[in-house]
Amino acid sequence: MSVSTIIVICYYNGQLLRTETDVKYKGRKACIVPLDVPVECTFEQLTDMIYTGTTIDKQRFELVFNCKYPLKSGNRFQPFPIWNGSSVCRMLNLVNTTTIEDIELYIEVVRVKALVNQSMGGHVDLLVRDNYNVP
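All values derive from a computational prediction rather than experimental measurement.

1. As for the overall build of the protein chain
The number of helices and strands found in the protein chain is two helices and eight strands. Counted from the first residue to the last, the protein chain has its helices and strands arranged as β-β-β-β-α-β-β-α-β-β. Considering the protein chain as a whole, with its 135 residues, one finds that 34% of them fall into the buried category. Sequence-distant contacts in the protein chain: of pairs separated by 6 or more residues, those separated by 24 or more amount to 53%. Surface exposure of the protein chain reaches about 8,700 Å², of which carbon and sulfur atoms provide 51%.

Encoded structure:
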């Protein structure tokens, strides 16, 4: 029987920590949201699922993703950035190619600030990394 969805456990409202052999997510207010993600999910679909499943405001914040990725030698892990469809596919394929049953996805919330461009009379969006705690 083939699998149509994969459990992706999303961590947000905390901080990604890398140790010598592992990747962890910590924070007093860290939240966990499990998602059933379709095997054929695109980056845009995954992003929309996360905005919908969390309290993060899509208009005010952008998301940066890293998954917990196993190294070939021993029980060691490293962060693996998820930024496009190919990286989402590689992340979801971990369930088929390793002993991992659930994917751990760590989310960094980045505040988008609009700066007024006086000479152009418009707004320019600028990403500014804040240590923001999502309610």
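2. Some words on the environment of N66
Tracing the sequence through the fold places N66 in strand β5 (residues 61–70). Separated by 12 residues in sequence, N66 and Q78 place their C-alpha atoms 9.3 Å apart. Sequence-distant contacts of N66, that is, excluding residues within four places in its chain, are made with L16, P79, F80, P81, I82, E104, L105 and Y106.

3. Observations regarding the pairing of strand β6 (residues 77–82)
Where β5 meets β6, six bridges bridge the pair, whose relative direction is antiparallel. The residue of β6 that forms the bridge with K68 is P79. The turn joining β5 and β6, which pair antiparallel and follow one another in sequence, is formed by six residues; a positive phi near 65° is taken by G74.

4. Quick word on the confidence of the model for the protein chain
Within the protein chain, residue pLDDT values average 85, and 82% of them lie at 70 or more. The lowest-confidence element of the protein chain is strand β8 (residues 122–128), averaging 50 in pLDDT; the highest-confidence one is helix α1 (residues 43–53), averaging 97. Here residues 131–135 scores under 50 on pLDDT; set against residues more than four positions off or in separate chains, the count is 13 contacts.

Conventions used here
- Residues numbered from 1 in each chain as written.
- Predicted model: local features only at pLDDT ≥ 70, side-chain atom pairs only at ≥ 80, totals over all residues.
- Heavy atoms only, no water.
- Helix = DSSP H or I, 4+ residues; strand = E, 2+ residues; numbered from the N terminus.
- Buried < 20%, exposed > 50% of the residue type's maximum accessible area, 1.4 Å probe, protein only.
- Contact = heavy atoms within 4.5 Å.
- Areas by Shrake-Rupley, 256 points an atom, 1.4 Å probe, with all protein chains shown as cover.
- Pairing = 2+ DSSP bridges.
- pLDDT = per-residue confidence, 0-100.

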